[in-house]
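# Fold and geometry: a report
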Amino acid sequence: MNALTKSERITLLTEWLLEYKKVESTNDSIEMLFGKGLDGSVQSRFWQLFESYTKIVAIQIGDDFKWLEWFLYDNDCGKKAMEARASSWKKARKIRTVKDLEAIISAK
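To keep things clear, this report deals only with the structure shown in the data block. These numbers come from a predicted model, not from an experiment.

## Topic: the overall build of the chain
- The helix and strand tally for the chain stands at four helices and two strands.
- The linear arrangement of helices and strands in the chain, starting from the amino end, is α-α-α-β-β-α.
- Here the C-alpha coordinates of the chain stretch approximately 50 × 35 × 20 Å along the principal axes.
- Within the chain, the proportion of its 108 residues that are buried is 35%.
- When the accessible surface of the chain is totalled, it reaches about 7,200 Å², and 54% of it is carbon and sulfur.

Next comes the structure, spelled out in structure tokens:
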């Protein structure tokens, strides 16, 4: 498999984030309709599929440090603008966008 270009990685990350938002929205709709007390089989299946997709994207872009998961869950898709530092960076940087995410993954 050929290495992806920076532009291709950003496109892939943008599509991945859009899919996350779709799954999250679908999950919220299901909870609004049926409540949170369901056994969650439909919702958990959505999330399992998305987690598998995330693992595949991580492999494709070379995310060896689980930055994708950190960006989604800890950094709230960049909304928290948390700082992070790649080992090759002298200073931590705020990670707000998929471009920032791509930069930290690529920096290694």
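## Digging into the pattern of salt bridges
- Applying the stated rule across the entire model yields two salt bridges.
- Between glutamate 102 and arginine 9 there is a salt bridge, and its shortest N-O distance comes to 2.7 Å. With glutamate 102 in helix 4 (residues 98-107) and arginine 9 in helix 1 (residues 6-34), the pair connects residues that are 93 residues apart, well separated along the chain. With respect to class, glutamate 102 is no different from arginine 9; both count as buried.
- Between glutamate 19 and lysine 22 there is a salt bridge whose closest N-O contact spans 3.2 Å. Note that glutamate 19 and lysine 22 are positioned in helix 1 at a spacing of three residues, about one turn of the helix.

## Structural notes on the packing of helix 1 against helix 4
- Packing of helix 1 against helix 4 brings their axes to within 9 Å, and their N-to-C directions diverge by 125°. Considering their axes alone, helix 1 and helix 4 lie oblique with respect to each other. Handedness of the crossing formed by helix 1 with helix 4: right-handed. Together, Lys6, Arg9, Ile10, Leu13, Thr14, Trp16 and Leu17 of helix 1 and Val98, Lys99, Leu101, Glu102 and Ser106 of helix 4 make up the contact between the two elements.
- Tallied by class, residues from the contact of helix 1 with helix 4 come to six nonpolar, two polar and four charged.

Basis of the calculations
Residues numbered from 1 in each chain as written. Predicted model: local features only at pLDDT ≥ 70, side-chain atom pairs only at ≥ 80, totals over all residues. Heavy atoms only, no water. Helix = DSSP H or I, 4+ residues; strand = E, 2+ residues; numbered from the N terminus. Buried < 20%, exposed > 50% of the residue type's maximum accessible area, 1.4 Å probe, protein only. Areas by Shrake-Rupley, 256 points an atom, 1.4 Å probe, with all protein chains shown as cover. Salt bridge = Lys/Arg side-chain N within 4 Å of Asp/Glu carboxyl O. Axes fitted to C-alpha atoms, helices over the stretch in contact; angles between N-to-C directions. Parallel < 35°, antiparallel > 145°, perpendicular 65-115°, else oblique. Left-handed = near helix turned anticlockwise from the far one by under 90°. Contact = heavy atoms within 4.5 Å. Nonpolar A, V, L, I, M, F, W, Y, C, P; charged D, E, K, R; others polar.

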